[in-house]
Amino acid sequence: MPKRVDHEERRTQIAEALIQVAGRRGLHAVGMRDVAAEAGVSLRLVQYYFETKEKLLFYGLQHLTDRFTARVGARLAAIGPTPGPRATIEALLLASLPTDQESRTFHLLYSSYSILSVTDGALAAQPFIDNPDAAENALTGLIEGAQAAGLADPGADARTEAISLLAMTATMGTSILVNQRTPESANAVLHHHLDRIFTADGHTTPNAGQRTDANTCP
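Quick look at the structure, then. All values derive from a computational prediction rather than experimental measurement.

Digging into the pattern of salt bridges
Summed over the entire model, instances satisfying the criterion amount to 11 salt bridges. Among the salt bridges present, the one from Arg11 reaches Glu8, with a minimum N-O distance of 3.8 Å. Pair noted here: Arg11 and Glu8 are both in helix H1 (residues 7-25), with a separation of three residues, about one helical turn. A relative accessible area of 27% places Arg11 in the partly exposed class. The salt bridge involving Arg159 is made with Glu136; its shortest N-O contact spans 2.9 Å. Separated by 23 residues along the polypeptide, Arg159 in helix H9 (residues 158-177) and Glu136 in helix H8 (residues 134-148) bring together distant segments of the chain. When its relative accessible area of 33% is taken as the criterion, Arg159 is described as partly exposed.

Have a look at this one:
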């Protein structure tokens with residue numbers, strides 16, 4: 001009896017191969033044949049599941065985003081059942097900094113896809129983020145909740161602070177990739193701005209000692 005094929009598992013296998021080869025060579029340099037070789041399958045099979053390179057990239061970046069979400073969830077789970085608004089924001093932002101191979105690949109491919117979509121109409125027509133404002137809205141809500149609970153500066157504009165934190169983290173992520181900045185110094189900058197927004201009672205993240213050490217980095 002022929003073995004039953006799990007199509008979603010096969011798509012995931014191919015998406016993982018895309019992430020691996022693109023992480024080494026850059027998203028712009030990856031072709032479907034490269035992905036097929038990395039996955040150990042035929043080019044025809046990759047074309048069967050994705051038809052075009054654009055559809056393959058779209059699925060691969062969605063898969064990468066799902067992995068990022070899982071990484072944030074793992075950080076929050078490690079903190080405890082009620083991490084609080086500051087710890088939740090830290091988990092989201094620190095997970096996006098390229099401090100290990102997984103997060104470096106995420107930042108590299110996420111940025112590459114965004115840049116390619118500016119000049120590639122096929123990519124621009126199918127943005128891989130269903131709700132591009134989701135992170136901004138989530139951080140805004142967390143800051144507003146902290147303000148209502150007396151855990152953050154009541155005079156701060158929550159939306160502006162959320163936008164600033166996301167933009168700053170993205171820029172520092174790129175500076176880490178090009179070796180302009182160390183992960184430790186990026187963490188120190190991030191915590192400096194969180195200290196400005198949140199009151200002392202808002203420091204809900206454990207590992208306070210690690211944060212203090214980071215603040216001494218150049």
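After that view, the rundown keeps rolling.
Some details on the packing of aromatic side chains
In this structure the tally under the stated criterion is four aromatic pairs. Ring geometry for Tyr48 against Tyr49: centres 5.0 Å apart, planes inclined by 80°, an arrangement best described as edge-to-face. By relative accessible area, which is 11% here, Tyr49 ends up buried. When the ring of Phe68 is compared with that of Phe106, the centres are 4.6 Å apart and the planes differ by 10°; the resulting orientation is stacked. Taken as a pair, Phe68 in helix H4 (residues 53-79) and Phe106 in helix H6 (residues 101-119) lie far apart in primary sequence, 38 residues in all. Residue classification places Phe68 among the buried positions, given a relative accessible area of 11%. According to the relative accessible area criterion, Phe106 is buried, its value standing at 8%. Grouping aromatic residues by their ring pairs yields a cluster made of Phe68, Phe106 and Tyr110. Above the plane of the ring of Phe106 lies Arg71, whose end atom (NZ or CZ) is 5.9 Å from the centre.

Observations concerning the environment of Arg67
With respect to the helices and strands, the residue Arg67 is situated in helix H4. The exposure class assigned to Arg67 is buried, which follows from its relative accessible area of 17%. Considered as a pair, Arg67 and Phe106 are 39 residues apart in the sequence and their alpha carbons are 8.8 Å apart. Excluding residues that lie within four positions of it along the chain, Arg67 makes contacts with Glu16, Ile19 and Glu102.

Definitions and cut-offs
- Residue indices begin from 1 for each chain and proceed along its sequence in written order.
- For a predicted model such as this one, the threshold for reporting local features is a pLDDT of at least 70, and the threshold for listing and counting side-chain atom pairs is 80 or more; totals across whole chains, interfaces and linings nevertheless cover every residue.
- As a convention, hydrogens and water are excluded, and side-chain values are obtained from all of the structure's heavy atoms.
- Throughout this description, the term salt bridge denotes a Lys or Arg side-chain nitrogen within 4 Å of a carboxyl oxygen of Asp or Glu.
- Helical segments are the DSSP runs of H or I of at least four residues, strand segments are the runs of E of at least two, and each set is numbered from the N terminus.
- The cut-offs for exposure are 20% and 50% of the maximum accessible area for each residue type, with area from a 1.4 Å probe on protein chains only; residues under the lower value are buried, those over the upper are exposed, and the others partly exposed.
- The aromatic pairing rule takes the rings of Phe, Tyr and Trp, using the six-membered ring of Trp, and pairs them if the centres are within 6.5 Å, calling planes under 30 degrees apart stacked, those over 60 edge-to-face and the rest tilted.
- The rule for a charge over a ring is simple: NZ of Lys or CZ of Arg within 6 Å of the ring centre, and within 35 degrees of the ring normal.
- The contact criterion used throughout is that any non-hydrogen atoms of two residues lie within 4.5 Å.

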